[in-house]
Amino acid sequence: MPCVAYYRVSTLQQGKSGLGLAAQQQLVRSFVKEEAVLGEFVEVESGKKATRPQLRAAVQLAKSQGAVLVIAKLDRLSRNVAFIASLMESGVEFVACDQPQANKFTLHIFAALAEQERDMISERTRRALQVLKTQGKQLGTPANLTTAVQAQGLAVRQQNARTHEANRQATALIVARRAQGLGYNQIAQELEELGFRTRRGCQFTHKQVQRLAQRAAEQA
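The shown structure was predicted, so the numbers you read here are calculated from the model rather than taken from an experiment.

What about the overall build of the protein chain?
Move 1: When you go through the protein chain residue by residue, the secondary structure sums to 9 helices and 4 strands.
Move 2: Taken from N to C terminus, the helices and strands of the protein chain fall in the order β-α-α-β-α-β-α-α-β-α-α-α-α.
Move 3: With 220 residues in all, the protein chain has 35% of them scored as buried.
Move 4: Restricting to contacts in the protein chain with at least 6 residues of sequence separation, those with at least 24 account for 68%.
Move 5: For the protein chain, the accessible area works out to roughly 13300 Å², and carbon and sulfur atoms hold 52% of it.

If you want it as structure tokens, here you go:
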């Protein structure tokens, strides 16, 4: 089936430099393989905002050509549950390369987590900056941090973020499916189909799903 690719970067600098954009393009092109890509649309916009002229153009092209809208990651589309829901109701078929087997139910869960994470990050950043400001600390990048050190630190933070996000998504799905009455083996199978792995890169088992469910219940 023909595809329409949509990419979003958060800043103009990322859009110009290709930082973040190149990785998204690689994911999408690897995913679609030999399928025809009718167009590629790049949005420079925060995930908080729902005004997306490039996304609107991508959706219109996909609709007119009966194509699938393809994105690299769900949170590149939006970290807003209402936005994801409205897109689902538009009638356009879309797929996230990081969750190709996800259905509407799982997409809503992951979008809700992404929105929650966005709000938590924003609040933590605001509080941290306020504390530093009241202490008279100078905000900004220390002059003694080289470009290499900054890049290394960014890579570590990104990897930790990916691992944390996957763990939270798996746990949220487990809790939701348990509430629907599914057994641990059934949930483990669904996690396998969605491509989830444990922190050690292993396949989820009955026991691991049960452990995460119990841990979530204790923290509730």
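Side note on the packing of aromatic side chains
Move 1: Summed over the entire model, instances satisfying the criterion amount to 0 aromatic pairs.
Move 2: Note that Arg178 overlies the ring of Tyr184, its terminal NZ or CZ placed 4.2 Å from the centroid.

Focus on the nonpolar core
Move 1: Judged by nonpolar contacts, the single largest core of 39 residues is most densely connected at Tyr6, Leu69, Leu77, Leu191, Phe204 and Val209.
Move 2: For this core, the element with the most residues is helix H6 (residues 104-134), which contributes 5 residues.
Move 3: Core analysis: the next-biggest nonpolar cluster, separate from the first, contains 12 residues, Ala5, Val70, Ala72 and Cys97 among them.

With respect to the confidence of the model for the protein chain
Move 1: Per-residue pLDDT for the protein chain averages 76, and the proportion of residues at 70 or more is 70%.
Move 2: Low pLDDT (under 50) marks residues 13-19, which in the prediction has 6 contacts with non-local residues, meaning those over four places away or in another chain.
Move 3: When the criterion is pLDDT under 50, residues 156-163 qualifies, and its contacts beyond four places in sequence or with other chains add up to 0 contacts.

How each quantity is defined
Residues numbered from 1 in each chain as written. Predicted model: local features only at pLDDT ≥ 70, side-chain atom pairs only at ≥ 80, totals over all residues. Heavy atoms only, no water. Helix = DSSP H or I, 4+ residues; strand = E, 2+ residues; numbered from the N terminus. Buried < 20%, exposed > 50% of the residue type's maximum accessible area, 1.4 Å probe, protein only. Contact = heavy atoms within 4.5 Å. Areas by Shrake-Rupley, 256 points an atom, 1.4 Å probe, with all protein chains shown as cover. Phe/Tyr/Trp six-rings, centres within 6.5 Å; stacked < 30°, edge-to-face > 60°. Lys NZ or Arg CZ within 6 Å of the ring centre and 35° of its normal. Core = buried A, V, L, I, M, F, W, Y, C linked by side-chain atoms within 4.5 Å. pLDDT = per-residue confidence, 0-100.

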